[in-house]
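Each chain, letter by letter, is given below.
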Amino acid sequence: MQSISRRLSILLVLSAVAAILLVTIFVNMTVSNKFNEYMIEIQNKRYERIVSYFEEVYKREGKWSSDTGIELMHEAYMGNYCLTLLDSRKHAVWGMDPEHLQTQIHIGEMSGHESGVYTTKTFDINVDGKVVGFVDIGQYSSVLLSEEDLTFKSSINKSIIASGALTLIIIISLSLYFSKQFSTPIREVAKMSVSLSQGNFDTVSTIKSNIEELEDLRKSVNILAGKLKHQDTLRKRLVSDITHEIRTPLNVLQNNLEAMIDGVVPVTKEGLNYLNEEVIRFGKLVNDLNLLKEFESESIKLNYETIHLDDLITEMSKDFFVCGDCKNISIEYVIQPDETYQMIGDKDKIKQVIINLLSNSIKFTESNGKVLINLYKENKNIILEIKDNGMGIRQEDLPFIFERLYRGDKSRNQIEGNGIGLTIVKNILELHNALIEVVSDEGIGTTVKVYINSTN
């Protein structure tokens, strides 16, 4: 099994090699073809010039001689072709020996053509519209190349090969660099995920990437590690809290019952009422846990109906006036006039939300405090705002207040409660497509806002 860095490097290098080979072959073929076309064009112009030369000679001298064409002999040998002059009856007048070319000609240099095969082309020599002779131009290749031509072509091929090799080296270097840029953060995240799967939630990836997606992946995994660590802490705290909440009433029951059985404590009505209260508290905890289980499994059924929140708030606020008076807490409610606060939902569940929120405000507000209930509309949302000047919530506790059995600092833990109320509130609101927002400052107070969709 290969590492991602090795696999990515191999793929990039193979792709680069294939691309460079294809480009090199294509460029070489293109250059060769264009060069051959260029040489053929030059060769055709040479043919025209040779024929024109013999036409001018015949016009000047009026006949052929054995010296006609000698001036072209040196040029012909240098150009690797052979000339033969024929009269009008195709009798040889003057010519060169083709065998002399074999010692100097570069046969077979052009790819795609047969080498070592001597071919000739015959051209008419016309003077005043009359054929006065013929010239045979023979050569060992379809394209004639001089030493300079071959050198030029060779240098072109060498340049193409050198460019391909240099490009390959550069691409391999870049491939190794970028494969490392890709693989290092991925490998780090992979190691981190393995560590997380083994229960080590303190692992953090510190290797940053300049690739947006990889950096997002790294940050997401770090966030995931933090949440897993927090969930693990909550799980341990949940077990501890449930154990504590259950153990307390059971210990009270056990100790008092044992004392009554042993005759240490007399069996009285007051004692039995006290034990009954502990049983009720224990039952309430079990009922809350069962209720939470129903909400979280989404198995609870809602009885939808039209709810007028303003009437519901007015009615329920009055029920809490007595609780407020007991703690000398002022409770006020303000409902924005000329608005209709109508929603579709389960009335009993919405009541439960309001009861939990108002109970918390009163519970965590000290004597001579104040609880303010505001009901108003903003755009298409009905907003229920419950504001108190109680002890508030620490900033580090705010993100977790909706977790099951979560209790904040010790001062809040000293107040009776099991840490399930807000969890149930959030689940009820989610079933109604509503949102809840909590803003709090320790020692100043807490503001809870519930955003509910209006039906009008």
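With respect to the nonpolar core
Generally speaking, soluble globular proteins have nonpolar side chains that are buried together.
Stage number 1. Formed by 39 residues in total, the largest nonpolar core has its most connected members in Leu309, Ile354, Leu357, Leu384 and Ile436.
Stage number 2. Every element with two or more residues in this core is listed here: helix H6 (309-326), helix H7 (347-363), strand S8 (370-378), strand S9 (381-388), helix H9 (421-431), strand S10 (435-441) and strand S11 (445-453).
Stage number 3. When near neighbours in sequence (up to four residues on either side) are disregarded, Leu357 contacts Ile386, Leu422, Val425, Ile436, Val448 and Val450.
Stage number 4. Residues Leu72, Leu83, Trp94 and Val127 belong to the second largest nonpolar core, which totals 19 residues.

Examining the side chain of Thr68
Stage number 1. One can find Thr68 in the loop between helix H1 (4-61) and helix H2 (73-78).
Stage number 2. Look at Thr68 and you get buried, because its relative accessible area is 4%.
Stage number 3. Looking at Thr68, its side chain comes within polar contact range of the main-chain nitrogen of Ser65, at 3.1 Å.

So, the confidence of the model for the chain
Stage number 1. Mean pLDDT for the chain: 80, with 85% of residues reaching 70 or above.
Stage number 2. A low-confidence stretch, residues 106-114 stays under pLDDT 50, and its non-local contacts, those more than four residues away or across chains, total 17 contacts.
Stage number 3. Contacts for the low-pLDDT stretch residues 410-415, under 50 throughout, to residues beyond four places or in other chains number 12 contacts.

Things to note about the pairing of S10
Stage number 1. The side-chain alternation of S10 yields one buried face, formed by Ile436, Val438 and Ser440, and one unburied face, formed by Leu435, Glu437, Val439 and Asp441.
Stage number 2. Bridge count for S10 against S11 is 7 bridges, and the pairing is antiparallel. Looking at S11, one finds that Val438 is bridged to Val448.
Stage number 3. Counting the residues in the hairpin turn of S10 and S11 gives 3 residues, including Gly443, whose phi is positive at 85°.

Quick word on the environment of Ala434
Stage number 1. Within the secondary structure, Ala434 sits in the loop between H9 and S10.
Stage number 2. In this structure Ala434 comes out as buried when scored by relative accessible area, which is 6%.
Stage number 3. Measuring from C-alpha to C-alpha, the distance between Ala434 and Ile452 comes to 4.9 Å, with 18 residues separating the pair along the chain.

Remarks on the sheet that holds strand S6 (residues 330-335)
Stage number 1. Read from one edge of the open sheet, 5 strands run S6-S8-S9-S11-S10, paired in mixed fashion. Each edge of the open sheet carries a strand with a single partner, namely S6 and S10. Taking the axes of each pair of neighbouring strands and ignoring which way they run, one obtains an average angle of 15° across the sheet.
Stage number 2. Note that S9 and S11 share 8 bridges and pair antiparallel. For Leu384, the partnering residue across the bridge sits in S11 and is Val450.
Stage number 3. Against the sheet, H6 touches S6, S8, S9 and S11, its axis set at about 170° to S6.

As for the packing of H6 against H7
Stage number 1. Orientation of H6 relative to H7, taken along the N-to-C sense of each, is 40°, at an axis distance of 11 Å. Classified by the angle their axes make, H6 and H7 are oblique. Of the two possible hands of crossing, H6 and H7 adopt the one that is right-handed. Contacts between H6 and H7 involve Leu309, Leu312, Ile313, Glu315, Met316, Phe320 and Cys323 from the first element and Lys347, Ile350, Lys351, Ile354, Ile355, Leu358, Ser359 and Ile362 from the second.
Stage number 2. Tallied by class, residues from the contact of H6 with H7 come to 11 nonpolar, 1 polar and 3 charged.

A few points about the packing of H7 against H9
Stage number 1. At a minimum axis distance of 9 Å, the contact between H7 and H9 shows a crossing angle of 145°. Note on packing geometry: the crossing formed by H7 with H9 is left-handed. Across from Lys349, Gln352, Val353, Asn356, Leu357 and Asn360 in H7, the residues of H9 making contact are Gly421, Leu422, Ile424, Val425, Ile428 and Leu429.

A few points about the packing of aromatic side chains
Stage number 1. For the structure shown, the criterion picks out 4 aromatic pairs.
Stage number 2. Ring centres of Tyr47 and Phe123 lie 5.1 Å apart, and the angle between their planes is 40°; this geometry places the pair in the tilted category. With Tyr47 in helix H1 and Phe123 in strand S3 (residues 119-127), this pair connects stretches of sequence that are 76 residues apart.
Stage number 3. Ring centres of Tyr53 and Phe54 lie 5.5 Å apart, and the angle between their planes is 75°; on these two criteria the pair is classed as edge-to-face.
Stage number 4. On the basis of relative accessibility, which here comes to 0%, the residue Phe54 falls in the buried class.
Stage number 5. Between the NZ or CZ atom of Lys90 and the centre of the ring of Phe134, over which it lies, the distance is 5.0 Å.

Brief notes about H9
Stage number 1. Residues of H9 that are buried include every one of Leu422, Thr423, Ile424, Val425, Asn427, Ile428 and Leu429, and no others.
Stage number 2. Residue Asn433 follows H9 closely and has a positive phi angle near 55°.

What to know about the side chain of Ser361
Stage number 1. In this fold, Ser361 is placed in helix H7.
Stage number 2. Take Ser361: its relative accessible area is 5%, and that puts it in the buried class.

With respect to the pattern of salt bridges
Stage number 1. Across all of its chains, the model carries 7 salt bridges by this definition.
Stage number 2. Residue Arg218 pairs with Glu215 through a salt bridge whose shortest N-O separation is 2.6 Å. Here Arg218 and its partner Glu215 are both found in helix H4 (residues 212-262), 3 residues apart, which amounts to about one turn of the helix. Both residues of the pair, Arg218 and Glu215, belong to the buried class.

Focus: H6
One turn of the α-helix equals 3.6 residues, which is why residues spaced by three or four share an orientation.
Stage number 1. In a regular helix each residue adds 1.5 Å, so 18 residues correspond to 26 Å; H6 covers 26 Å between its end C-alpha atoms and thus fits that length.
Stage number 2. Remark: the principal bend of H6, roughly 30°, maps to Phe320.
Stage number 3. Regarding H6, the residues found buried are Leu309, Asp310, Leu312, Ile313, Met316, Ser317, Phe320 and Gly324.

Definitions and limits used
Per chain, residue numbering runs from 1 following the sequence as it is written. Local features in this predicted model are restricted to residues whose pLDDT is 70 or higher, and side-chain atom pairs enter the listing and the counts only when it is 80 or higher, whereas totals over whole chains, interfaces and linings include all residues. Processing note: side-chain calculations cover all non-hydrogen atoms of the structure and skip hydrogens and water entirely. Nonpolar core, defined: a set of buried Ala, Val, Leu, Ile, Met, Phe, Trp, Tyr and Cys residues in which side-chain atoms within 4.5 Å join the residues together. Only protein chains enter the accessibility calculation, which uses a 1.4 Å probe; a residue whose area is less than 20% of its type maximum is buried, one above 50% is exposed, and one in between is partly exposed. In DSSP terms, a helix is any run of H or I states spanning at least four residues, a strand is any run of E spanning at least two, and both are numbered starting from the N terminus. Contacts are assigned to residue pairs with any non-hydrogen atoms lying within 4.5 Å of each other. N or O atoms within 3.5 Å of each other form a polar contact, as long as, within protein, one can give a hydrogen and the other can take it, and as long as residues adjacent in sequence are counted only when both atoms are side-chain atoms. Confidence of the predictor at the level of single residues is captured by pLDDT, which takes values from 0 to 100. Two strands make a pair as long as DSSP finds a minimum of two bridges between them. For helices, the axis comes from a line fit to the C-alpha atoms of the stretch in contact; other axes are also lines fit to C-alpha atoms, and the angle between any two N-to-C directions lies between 0 and 180 degrees. The labels follow the angle: roughly parallel below 35 degrees, roughly antiparallel above 145, roughly perpendicular from 65 to 115, and oblique for the rest. Each crossing gets its handedness from the near helix: less than a right angle anticlockwise from the far helix is left-handed, clockwise is right-handed. Only Asp, Glu, Lys and Arg are considered charged, only Ala, Val, Leu, Ile, Met, Phe, Trp, Tyr, Cys and Pro nonpolar, and every remaining residue, Gly among them, polar. Any two of the Phe, Tyr and Trp rings considered here, Trp counted by its six-membered ring, make a pair once their centres fall within 6.5 Å; the pair's planes then place it as stacked at under 30 degrees, edge-to-face at over 60, or tilted in between. Note on criteria: charge over ring means Lys NZ or Arg CZ within 6 Å of the ring centre, with the direction from the centre no more than 35 degrees off the ring normal. In what follows, salt bridge is the name for a side-chain nitrogen of Lys or Arg lying within 4 Å of a carboxyl oxygen of Asp or Glu. One fewer than the residue count of a helix, multiplied by 1.5 Å, yields its expected span. Axes are fitted to the seven residues ending at a residue and to the seven starting at it; the angle between these axes is taken as the bend at that residue.

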